[in-house]
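Chains, contacts and geometry: an overview
If you want the building blocks of each chain, they are given just below.
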Amino acid sequence: MRIGSSIFLIALGAILAWAVAPGLIPFVDQVLIGYILIAVGVIGLIASLILASPGRSRRVSETRSVVDPNTGERITRNESRDGGL
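One numbering rule holds for all chains: residues counted from 1, following each sequence as written. In view of the model being predicted, local features appear only for residues whose pLDDT reaches at least 70, and side-chain atom pairs are presented and counted only at 80 or more, with totals across whole chains, interfaces and linings using the full set of residues. With hydrogens and water stripped out, all remaining heavy atoms of the structure feed into the side-chain values.

So, about the overall build of the protein chain. Helical segments are the DSSP runs of H or I of at least four residues, strand segments are the runs of E of at least two, and each set is numbered from the N terminus. Across its full length, the protein chain holds 2 helices and 2 strands. Shown N-terminal to C-terminal, the secondary structure of the protein chain runs as helices and strands in the order α-α-β-β. A compact globule built from 85 residues should have a C-alpha radius of gyration of about 12 Å, whereas the protein chain, at 28 Å, is more than 25% larger. Across its three principal directions, the C-alpha atoms of the protein chain cover 90 × 20 × 15 Å. Between buried and exposed lies partly exposed: a residue is buried under 20% and exposed over 50% of the maximum accessible area for its type, with that area taken using a 1.4 Å probe on protein chains only. Per-residue burial over the protein chain gives 14% buried out of 85 residues. Throughout, radius of gyration means the C-alpha value; the globule benchmark is 2.2 Å times the number of residues raised to the power 0.38.

Here it is as structure tokens:
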């Protein structure tokens, strides 16, 4: 769930809980459904903000050493890159 859909659920829940007259839909407690949608939207918003926050960056380093067969010289190569998901 992204931030936009979380905000949409919060807004829809607020409309159902506070703005729509009770009893508009028979046999359904609109206020309770509104509060449930608000809670789900808040949980989704918190989760999406936590997952979107920059955490520890993962860096991968690799070192290779080889000997040149022509000259006998040792060649060392260092390589580092970000380890993304």
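Here the focus is the pairing of strand β2 (residues 74-82). Two strands pair if DSSP finds at least two bridges between them. Here 9 bridges tie strand β1 (residues 59-67) to β2, and the two strands are oriented antiparallel to one another. Each bridged residue has a counterpart across the sheet, and for S65 the counterpart in β2 is T76. In this structure, the hairpin formed by β1 and β2 is closed by a connection of 6 residues, where G72 is found at a positive phi of approximately 80 degrees.

What follows deals with the packing of helix α1 (residues 3-19) against helix α2 (residues 30-52). Lines fitted to C-alpha atoms define the axes, with helix axes restricted to the stretch in contact, and inter-axis angles between N-to-C directions lie between 0 and 180 degrees. Between α1 and α2, the least distance of the axes is 7 Å, while the angle of their chain directions is 160 degrees. As judged from the angle between their axes, α1 and α2 are roughly antiparallel. The handedness of the crossing between α1 and α2 is left-handed. Classes in brief: Ala, Val, Leu, Ile, Met, Phe, Trp, Tyr, Cys and Pro nonpolar; Asp, Glu, Lys and Arg charged; the others, Gly included, polar. A per-class count over the contact of α1 with α2 returns 18 nonpolar, 7 polar and no charged. The scheme is simple: roughly parallel for angles under 35 degrees, roughly antiparallel for over 145, roughly perpendicular for 65 to 115, oblique for anything else. Take the far helix as your reference; a near helix turned counterclockwise from it by less than a right angle gives a left-handed crossing, and one turned clockwise gives a right-handed crossing.

The next point concerns α2. Expected span of a helix: the number of residues minus one, times 1.5 Å. Between its first and last C-alpha atoms α2 spans 32 Å; for 23 residues at 1.5 Å apiece the expected length is 33 Å, and the two agree. Among the residues of α2, those classed as buried are Q30, G34, L37, I38, G41, G44 and S48.

Another point: the environment of T63. Looking at the element boundaries, T63 is found in strand β1. The spacing of T63 and L32 is 31 residues in sequence and 60 Å in space, taken between C-alpha atoms. Every residue in contact with T63, bar those within four places of it in the chain, is listed here: T76, R77 and N78. Nitrogen and oxygen atoms within 3.5 Å of one another constitute a polar contact, given that in protein one can donate a hydrogen and the other can accept it, and given that sequence-neighbouring residues count only through two side-chain atoms. Engagement of the side chain of T63 in a polar contact is seen with the side chain of N78, the distance being 3.1 Å. Here, residues are in contact when the closest pair of their heavy atoms is within 4.5 Å.

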